Amino acid sequence: MALVVYNTLSREKEPFVPLDPAHVRLYVCGPTVYDYVHIGNARPVVAFDVLYRLLKRHYPRVTYVRNITDIDDKIMARAAESGESIEALTRRTADAYQSDMRRLGALPPDVEPRATEYVAQMIAMIERLVANGHAYAADGHVLFSVPSMPDYGRLSRKPRDELIAGARVDVAPYKKDPADFVLWKPSADNQAGWPSPWGRGRPGWHIECSAMSGALLGETFDIHAGGLDLIFPHHENEIAQSRCAFGHGIMAKYWMHNGFLNISGEKMSKSLGNFLTVHELLEQYPGEVIRLLLLSAHYRQPLDFTPEGLQQAKATLDHWYNALRTSNPEPAGSVPRTVEEALSDDLNTPMAISALHQLKDPAELKAGARALGLLQQDPEAWFRWAPAGMSGPGDAEIEAAIAARQAARKAKNFKESDRIRDELKAQGVILEDGPKGTTWKRG
């Protein structure tokens, strides 16, 4: 079945036709690592993980690149504030990010470059832009000349005055045009920096992704994805840099963007006290619960992330895992057609989830859920999960209580049997009797 995606560049759904059917190439903007990432940062990871899984089922080779920005003014400020070295800070926070994404069921990208590993490529790209008249050096900075690109703004479709206002660029006397943006900037002695033809300095944010994608995926590639907030200025500026450096009509053929995430109807912010990190959420809920809620709305639509949504996602997964627990299905086969058709229609995950609810065969359920990165655990492990800090009996203690209850039932001491069951229930452990014996789960 044909894959159709919504292309932000054209503002239309388009059939996906790769530049090279033998090798599909995908780039997704990753995090700036100076702290635990918030739940909004997880949405593109989960959404485009589903895309990656879909592409891998249909094409012989897929290269997925998701970068880590490990040099940035926020990083330098946090390191100075904490007294931690930039290297130690970014290593610690990048490791936490990778661990959190794994727990959300996201497959690792094929390549996960760090910006600091590609500074030489950034400098070479900037030199190329200067040489062909698309950039200029001024006062220790190098800036991209926006007027040198006649169709700048094609992705965001903003008029020039909005481009200037929305870019949040510094007003500086060395700029030839207010819309020009920084490719390279000078570093003070106490700031991170690298030697360059323009003096010791560091790259601008936008050039990092252009250089990394160009080095790892080529001068043009298939899909560039990220959050809606990155359309302008980040992705607009990436396009400008890459097209003007390499001389092509496109950087990526398709641009895909996920919508914003709100918390119980409000924009997430620390001032409102609703700033949720993935790390904190994973102490309260299994990763698949968070993942299912993130997939419950179409990736291009706004998503309201609520406690009620998490509870509903947990109940849905409990129901599905119980179906696997009671049937012990054979290894999952191919993805059911109804699920694959939904995902092939611009990653329609709500429709795919609806299709999962209609499946009666547990093996098909497992295969369909796998396409969404769900039902990846052993059912028994799923039901034994407990949030961090939860009091109550441990697994061995529960198993011992079940054995004592079985002995009481065998002796026809039903009062004792009921007492054990009720005591476990009061401690948050629910027993379920079935043809294969007694199973339990934490409620």
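Residues numbered from 1 in each chain as written. Predicted model: local features only at pLDDT ≥ 70, side-chain atom pairs only at ≥ 80, totals over all residues. Heavy atoms only, no water.

Undergrad: Lay out the nonpolar core with the relevant residues and their values.
TA: When a protein is soluble and globular, its nonpolar side chains tend to lie buried together. If you look at the biggest cluster of nonpolar residues, it comprises 71 residues, and the most contacted ones within it are Ile 39, Leu 55, Ile 290 and Phe 305. With eleven residues, helix H1 (residues 39–58) is the single largest residue contributor to this core. (Core = buried A, V, L, I, M, F, W, Y, C linked by side-chain atoms within 4.5 Å. Buried < 20%, exposed > 50% of the residue type's maximum accessible area, 1.4 Å probe, protein only. Helix = DSSP H or I, 4+ residues; strand = E, 2+ residues; numbered from the N terminus.)

Undergrad: If you had to explain the layout of surface pockets to someone new, which residues and values would you point to?
TA: Where empty space is left can be seen by rolling a probe of water-molecule size over the atoms. Here the second largest pocket defines a volume of roughly 350 Å³. As for the second largest pocket, its lining consists of 20 residues, of which Leu 324, Arg 325, Thr 326, Asn 328 and Glu 380 are closest to the centre. Among the elements that make up the lining of the second largest pocket, the one with the highest residue count is helix H10 (residues 307–327) (four residues). In the lining of the second largest pocket, the residues fall into five nonpolar, eight polar and seven charged. (1 Å grid on protein atoms, 1.4 Å probe; cavity = no way out; pocket = protein on both sides within 12 Å on 5 of 7 lines; lining within 4 Å. Points joined across faces, edges and corners; volume = space filled by probe spheres on them. Nonpolar A, V, L, I, M, F, W, Y, C, P; charged D, E, K, R; others polar.)

Undergrad: Quick one: what's the story with the side chain of Thr 93, residue by residue and with numbers?
TA: Considering the arrangement of structural elements, one finds Thr 93 in helix H3 (residues 86–103). At 3.4 Å, the side chain of Thr 93 forms a polar contact with the backbone oxygen of Thr 90. (Polar contact = N/O pair within 3.5 Å; in protein donor to acceptor, adjacent residues only side chain to side chain.)

Undergrad: Can you explain the pairing of strand S1 (residues 4–7)? Please cite residues and give values.
TA: Alignment of S1 against strand S2 (residues 12–15), held across four bridges, turns out to be antiparallel. Directly across from Tyr 6, in S2, lies its bridge partner Lys 13. (Pairing = 2+ DSSP bridges.)

Undergrad: I'd like to hear about empty space enclosed by the protein, residue by residue, with values.
TA: On inspection of all chains with the given rule, the structure shows two cavities of 30 Å³ or more. There is about 90 Å³ of room inside the largest cavity. Leu 9, Arg 154, Ile 239, Arg 243 and Gly 249 are the residues nearest the centre of the largest cavity, which is lined by 16 residues in total. Mapped by element, the contributors of at least two residues to the lining of the largest cavity are helix H7 (231–246) and strand S10 (252–258). Here the lining of the largest cavity takes four residues from H7, the largest share from any one element. Split by residue class, the lining of the largest cavity holds ten nonpolar, two polar and four charged. Around the second largest cavity, the lining residues are Ala 47, Val 50, Leu 294, Leu 295, Ala 297, His 298, Tyr 299, Leu 347 and Thr 349. Elements supplying a minimum of two residues to the lining of the second largest cavity: H1 and helix H9 (287–295).

Undergrad: Outline the packing of aromatic side chains, listing residues and values.
TA: Inspection of the entire model under this criterion finds eight aromatic pairs. Here Phe 48 and Tyr 299 contribute two aromatic rings whose centre-to-centre distance is 5.9 Å and whose plane-to-plane angle is 70°, an arrangement assigned as edge-to-face. Of this pair, Phe 48 sits in helix H1 while Tyr 299 sits in the loop between H9 and strand S13 (303–305), placing them 251 residues apart in sequence. No difference in accessibility class separates Phe 48 from Tyr 299, as the two residues are buried. Judged by centre distance (6.1 Å) and plane angle (55°), the ring pair of Trp 184 and Trp 198 falls under tilted. (Phe/Tyr/Trp six-rings, centres within 6.5 Å; stacked < 30°, edge-to-face > 60°.)

Undergrad: Please give an account of the packing of H10 against helix H13 (residues 362–371) that cites residues and values.
TA: Contact pair H10 / H13: the axes reach a minimum separation of 10 Å and the direction vectors enclose 135°. Viewed along their axes, H10 and H13 adopt a mutual orientation that is oblique. Crossing hand, H10 versus H13: left-handed. Contacts from Trp 320, Ala 323, Leu 324 and Ser 327 of H10 reach H13 at Pro 362, Leu 365 and Lys 366. Residues of the contact of H10 with H13, tallied by class, amount to five nonpolar, one polar and one charged. (Axes fitted to C-alpha atoms, helices over the stretch in contact; angles between N-to-C directions. Parallel < 35°, antiparallel > 145°, perpendicular 65-115°, else oblique. Left-handed = near helix turned anticlockwise from the far one by under 90°. Contact = heavy atoms within 4.5 Å.)

Undergrad: Can you tell me about the pairing of strand S3 (residues 24–28), naming the residues and giving the values?
TA: For S3, the buried fraction is high: five of the five residues fall into the buried class. Bridge count for S3 against strand S4 (residues 62–66) is five bridges, and the pairing is parallel. In the strand pairing of S4, Val 28 is matched with Arg 66. Taken together, S3, H1 and S4 constitute a β-α-β crossover, and its handedness is right-handed. By the bridge criterion, three bridges tie S3 to strand S9 (residues 221–227) in an arrangement that is parallel. For Tyr 27, the partnering residue across the bridge sits in S9 and is His 224. (Right-handed = clockwise from strand over helix to strand, strands pointing away.)

Undergrad: Explain the sheet that holds strand S6 (residues 141–144) to me, and be specific about the residues and the numbers.
TA: Reading across from one edge, S5-S6-S7-S8 is the order of the four strands in this open sheet, with antiparallel pairing throughout. Edge positions in the sheet fall to strand S5 (135–138) and strand S8 (201–203), since each has one partner strand and no second. Strand-to-strand, the axes of this sheet are offset by a mean angle of 20°, without reference to chain direction. As paired strands, S6 and strand S7 (residues 181–186) are joined by three bridges and run antiparallel to one another. Within the sheet, the bridge partner assigned to Phe 144 lies in S7 and is Phe 181.

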